[in-house]
Amino acid sequence: MCRKQMSNITVVLIEDHDVVRIGLRAVLQSHQGIEVVGEATNGVQGLKLLKNTLPDIAIIDIGLPGMDGIDLTKQFRAFQVEHEQVATKMIILTMHGTEESVLAAFSAGADSYCMKDTSMDRLAEAVLTTHEGNPWIDPIIANIVLRQMRQGMPSAKSEGSRTIEIKAVESEYQEILDTYPLTERELEVLELVVAGCTNVVIAEKLFITAGTVKTHVRNILAKLCADDRTEAAVRALRAGLIS
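(A) Region of the structure containing the nonpolar core. The biggest cluster of nonpolar side chains holds 31 residues, and the ones touching the most others in it are I14, L50, I60, L72, I92 and I141. Of all the elements in the fold, those that place two or more residues in this core are strand 1 (9-14), helix 2 (43-53), strand 3 (57-61), helix 3 (69-83), strand 4 (89-94), helix 4 (99-107), strand 5 (112-115) and helix 6 (139-150). Other than its neighbours up to four places away in sequence, I14 contacts A40, N42, G46, L50, I59, I60, D61, L64 and L72. In this structure, L190, L192, L206 and L224 belong to the second largest nonpolar core, which totals 19 residues.

What follows is the structure in structure tokens.
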């Protein structure tokens, strides 16, 4: 692949558990084209490291001591805006699949979201996908967020009673939606996609053929710049297309 002819993807690990961090480093460095260029064990060190190294990818544990992964992500985002530095993309790692921790991870404004106990191959996949400019969202995280947003709960409480707001759809995707809005029929199909319906069920509910549904889904994915139905559903909910 042409990726091999390009420079390595530089990665910074910000994780306070030594065993986890060492394992992450070993697995990532075993993949050709990925290079771990720095490590930090807390949020304060991590923020300084990110500002100094400006890696391609930052993998950030949500439960860091001193400054947690949410605050670290938000502060580095502000730094990126101030210095017009948009190259570094961030992957949030969260340990538990509870609604509170998942919503906190999702709200942090990172590019991708991954459960800490995911397989190492999937983590490497998340790094490669994120570096290519596409969000990588662990299915567990996506499913919990979709359920909460469908229930009309756009925020959750984290430790210390801090309010966590779900971030809106990214500006570049919003611009695409403004230019190529979904049709009324596509919105009907999208609502059923968010509800978890298959193409056959959607066809039955809308009295159209499964082939027509497949065409609508393909158009929806293109307009939302989504790779799959879960990603399309997340972006649709963030953009307010589905309530």
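(B) Spotlight on the sheet that holds strand 5. Spatially, the 5 strands line up as an open sheet ordered 2-1-3-4-5, and their pairing is parallel. Each edge of the open sheet carries a strand with a single partner, namely strand 2 (34-40) and strand 5. Taking each pair of neighbouring strands and ignoring which way they run, the sheet shows an average axis angle of 25°. Here strand 1 pairs with strand 3 via 4 bridges, running parallel. Bridge pairing in strand 3 links I14 to I60.

(C) Main features of helix 3. Here helix 3 contains 15 residues, and its C-alpha end-to-end distance of 21 Å stays within 8% of the 21 Å for a straight helix at 1.5 Å per residue. Turning to helix 3, its buried residues number three or more, namely G69, I70, L72, T73, F76, F79 and Q80. For helix 3, the N-terminal cap is D68; the gap from its side-chain oxygen to the backbone nitrogen of I70 is 3.1 Å. Following helix 3 by one or two positions, E84 has its phi on the positive side, about 50°.

(D) Representation of the pattern of salt bridges in the model. In the structure shown here, the tally under the stated rule is 8 salt bridges. If you follow the salt bridges from partner to partner, you end up with D18, R21, R25 and E39 in one network.

(E) Broad picture of the pairing of strand 3. With 5 of 5 residues buried, strand 3 lies mostly within the body of the structure. Burial along strand 3 is two-sided: I57, I59 and D61 and A58 and I60, pointing in opposite directions, are all buried. Crossover handedness for the path strand 3 to helix 3 to strand 4: right-handed.

(F) Spotlight on helix 8 (residues 184-194). Every buried residue of helix 8 is accounted for by E186, V189, L190, L192, V193 and V194. Downstream of helix 8 by a residue or two, G196 has a phi angle that is positive, lying close to 90°.

(G) Broad picture of the packing of helix 8 against helix 9 (residues 199-206). Two elements in contact, helix 8 and helix 9, have axes whose closest approach is 10 Å; the angle formed by their N-to-C orientations is 130°. Taken together, the axes of helix 8 and helix 9 lie oblique to each other. Relative to helix 9, helix 8 is oriented so that their crossing is right-handed. Together, R185, E188, V189, L192 and V193 of helix 8 and I202, K205 and L206 of helix 9 make up the contact between the two elements.

(H) Summary view of the side chain of R21. Its place among the elements puts R21 in helix 1 (residues 18-29). Judged by its relative accessible area of 9%, R21 is buried.

(I) View of the environment of I62. Along the chain, I62 falls in the loop between strand 3 and helix 3. When its relative accessible area of 14% is taken as the criterion, I62 is described as buried. When near neighbours in sequence (up to four residues on either side) are disregarded, I62 contacts D68, G69, I70, I92, L93, T94, S101, A104 and A105.

(J) Structural detail: the packing of aromatic side chains. In the structure shown here, the tally under the stated rule is 1 aromatic pair. The interplanar angle of 20° and the centroid separation of 5.7 Å between the aromatic rings of F76 and F79 together place this pair among those described as stacked. Here F76 pairs with F79, and both are found in helix 3, just 3 residues apart, close to one helical turn. Of the residues examined, F76 reaches a relative accessible area of 0% and is grouped as buried. Judged by its relative accessible area of 14%, F79 is buried.

(K) Seen up close, unusual backbone geometry. At E84, a residue that is not glycine, the phi angle is positive and equals roughly 50°. Looking at where E84 falls in the secondary structure, it is placed in the loop between helix 3 and strand 4. For E84, a relative accessible area of 73% puts it in the exposed group. If you check the backbone angles, F207 has positive phi at about 60° while not being a glycine. Mapped onto the secondary structure, F207 falls in the loop between helix 9 and helix 10 (210-223). The class of F207 is exposed, set by a relative accessible area of 75%.

About the cut-offs
Residues numbered from 1 in each chain as written. Predicted model: local features only at pLDDT ≥ 70, side-chain atom pairs only at ≥ 80, totals over all residues. Heavy atoms only, no water. Core = buried A, V, L, I, M, F, W, Y, C linked by side-chain atoms within 4.5 Å. Buried < 20%, exposed > 50% of the residue type's maximum accessible area, 1.4 Å probe, protein only. Helix = DSSP H or I, 4+ residues; strand = E, 2+ residues; numbered from the N terminus. Contact = heavy atoms within 4.5 Å. Pairing = 2+ DSSP bridges. Axes fitted to C-alpha atoms, helices over the stretch in contact; angles between N-to-C directions. Expected span 1.5 Å × (residues − 1). Polar contact = N/O pair within 3.5 Å; in protein donor to acceptor, adjacent residues only side chain to side chain. Salt bridge = Lys/Arg side-chain N within 4 Å of Asp/Glu carboxyl O. Right-handed = clockwise from strand over helix to strand, strands pointing away. Parallel < 35°, antiparallel > 145°, perpendicular 65-115°, else oblique. Left-handed = near helix turned anticlockwise from the far one by under 90°. Phe/Tyr/Trp six-rings, centres within 6.5 Å; stacked < 30°, edge-to-face > 60°.

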